Amino acid sequence: MSKSYRDGQPVTSEEFVHQLMRLKRGSIGRRDFLGLTGLGIATAVFGRELGLSPTPAHAAENLGDRMSIATWPNYHDPATFENFTKETGVAVEVNVFGSNEEMLAKLQAGGSGWSLFVPTNYTISTYKKLDLIDPLDMAKLTNFDAKSEDARFTAEGAIDSVVYAVPKNWGTTGFAVNTKKLTKPMTTWKEFWDTAMAEGEGRTMVHDYQLTTIGNALKYFGFSFNSLKPDELAKAEELLIKVKPHLFAVSSDYQPPMRANDAWMTMCWTNDGAQLNRDIPEIAYVLGKEGGEIWTDFYAIPKDAPNKPAGYALLNHLMNPQVAVKEHLANGAPSTDARVNALLPKEVLDNPILYPAADLLTALEFGAAATLTDPARAELMARFKSA
């Protein structure tokens, strides 16, 4: 056994073992043990071996020097990845996508290069069916606590009791409006679409994403956000083709035009609505009274991930409540994790953009799995974009 020193004098093996047994019995505390044995600054070296400090889930694995994550615009605190790199030496490349269809196509094509990605709730069953994602090894996610998760938002991460994805956050899809430019109050999707063709002419954006753009066109007529009915989709297409010439752009990266006053109104996700309102208070976030979308985004690991050890290490890092709370403060999406909510400031928990009144959530629908690969909706969106 290597010698320890106390007050410049070596501690015998017998004394070291004696003090170690006292520590294990609880007769002395960790601080006393370190002082009595003279370990002091050697704690970092010996601590893990003695069970005095936690071992990172990835400590014994070779993580390589780089990995890639596929995610959404404006969705992370850059410091999260910088700190992960400092901790592990693994550089994180961030790939940004505007729709789940893009993510699916990339994974189906093979060679995505992603070791972690952020799918939305309704897509996970399709990824599993197509054998594109791995079941998660929960033993590697020591920072995840299923008991602290809100079951309303997390169920679709597990299929037949096997966990394929763990939640990042939840939110809603509404619209953001610059109330200094468009002064007439709006509370419905009908008003959104009508304004796009009137006062919002040339200043309105919609998502480059069929689920929300078609879904919220369907709400104009009072139909289900997830409708696959040919006659209802035909009405939604008629509206979209009518609106198209009046739009500023079809894009899921709408924050820059809204901040520059090039766009005055846009279809919008919770986190973007919160960020815009925080920085430009005249930009309001509206949930259409007719309904619309409520969603959860998850983390999952692709089956062909080139660096699964690093994917797990980053995912475990992101599940740490101390890390997750900084993510939520940066990206403005509400958390599914009670541990994170307990760390959030009261003004965040009281923000109606992030945590809307219950009656506003009642009419919202989670995306349906069938919409992801439905050819009629895909073709409708393609016709709309090319119009």
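Residues numbered from 1 in each chain as written. Predicted model: local features only at pLDDT ≥ 70, side-chain atom pairs only at ≥ 80, totals over all residues. Heavy atoms only, no water.

**Quick word on unusual backbone geometry**
Positive phi, close to 55 degrees, is recorded for Asn 74, a residue that is not glycine. Following the sequence through the fold, Asn 74 ends up in the loop between strand 3 (66–71) and helix 4 (78–88). One non-glycine residue, Ser 161, lies in positive phi territory at about 70 degrees. Looking at the element boundaries, Ser 161 is found in the loop between strand 6 (158–159) and strand 7 (162–163). Residue class for Ser 161 comes out exposed when judged on its relative accessible area of 76%. (Helix = DSSP H or I, 4+ residues; strand = E, 2+ residues; numbered from the N terminus. Buried < 20%, exposed > 50% of the residue type's maximum accessible area, 1.4 Å probe, protein only.)

**Observations regarding the environment of Ile 133**
The residue Ile 133 is located in the loop between helix 6 (124–129) and strand 6 in this model. Classification of Ile 133 by relative accessible area gives buried; the value is 2%. C-alpha separation for the pair Ile 133 and Ala 300, spaced 167 residues apart in sequence, amounts to 6.9 Å. Not counting residues up to four positions away in its chain, the partners in contact with Ile 133 are Phe 117, Ile 124, Tyr 127, Lys 128, Tyr 164, Ala 300, Ile 301, Pro 302 and Lys 303. (Contact = heavy atoms within 4.5 Å.)

**Brief notes about the confidence of the model for the chain**
Residues with a pLDDT of 70 or more make up 84% of the chain, whose mean pLDDT is 89. Confidence over residues 1–8 falls short of pLDDT 50; this stretch has 18 contacts with residues more than four positions distant or in other chains. Long-range and interchain partners of residues 40–55, a stretch whose pLDDT sits below 50, account for 17 contacts in this model, where long-range means more than four residues apart. (pLDDT = per-residue confidence, 0-100.)

**Things to note about the nonpolar core**
Counting 72 residues, the largest nonpolar core has Leu 116, Phe 117, Tyr 299 and Leu 314 as its most contacted members. At 7 residues, the largest contribution of residues to this core is made by helix 12 (residues 308–319). Among all residues touching Phe 117, those that are not within four sequence positions of it are Ile 69, Ala 70, Met 103, Leu 107, Tyr 127, Ile 133, Phe 298, Tyr 299, Ala 300, Ile 301 and Pro 302. Grouped together as the second largest cluster of nonpolar side chains are 27 residues, Leu 182, Met 186, Trp 189 and Phe 384 included. (Core = buried A, V, L, I, M, F, W, Y, C linked by side-chain atoms within 4.5 Å.)

**Focus on the sheet that holds strand 4 (residues 91–96)**
Taken together, the 3 strands give an open sheet; going across it, the order is 4-3-5, and neighbouring strands pair in parallel fashion. Because the sheet does not close on itself, it has two edges, and the strands there are strand 4 and strand 5 (116–117). Pairing analysis gives 6 bridges linking strand 3 to strand 4, with the strands arranged parallel. Paired with Thr 71 across the two strands is Val 96, which belongs to strand 4. (Pairing = 2+ DSSP bridges.)

**Quick look at the packing of helix 12 against helix 13 (residues 321–331)**
Interaxial distance between helix 12 and helix 13 falls to 5 Å at its minimum, and their mutual angle equals 80 degrees. Relative to helix 13, the element helix 12 is oriented roughly perpendicular. Along the contact surface, helix 12 presents His 317, Leu 318 and Met 319, while helix 13 presents Pro 321, Val 323, Ala 324 and Glu 327. Counted by class, the contact of helix 12 with helix 13 contains 5 nonpolar, 1 polar and 1 charged residues. (Axes fitted to C-alpha atoms, helices over the stretch in contact; angles between N-to-C directions. Parallel < 35°, antiparallel > 145°, perpendicular 65-115°, else oblique. Nonpolar A, V, L, I, M, F, W, Y, C, P; charged D, E, K, R; others polar.)

**Digging into the packing of aromatic side chains**
With the rule as written, the count across this model stands at 15 aromatic pairs. Both rings, one in Phe 97 and one in Trp 114, keep their centres 5.2 Å apart while their planes meet at 75 degrees; by these two values the pair is edge-to-face. Here Phe 97, found in the loop between strand 4 and helix 5 (100–109), pairs with Trp 114, found in the loop between helix 5 and strand 5; they are 17 residues apart in sequence, far enough to count as distant. Considered together, Phe 97 and Trp 114 belong to a single accessibility category, that of buried residues. Here the aromatic cluster, defined as three or more aromatic residues joined through ring pairs, consists of Trp 72, Tyr 209, Tyr 254 and Trp 269. The ring of Tyr 312 has Lys 140 lying over it, and the distance from NZ or CZ to the ring centre is 4.8 Å. Over the face of the ring belonging to Tyr 75 we find Lys 168, whose NZ or CZ atom lies 4.6 Å from the ring centre. (Phe/Tyr/Trp six-rings, centres within 6.5 Å; stacked < 30°, edge-to-face > 60°. Lys NZ or Arg CZ within 6 Å of the ring centre and 35° of its normal.)

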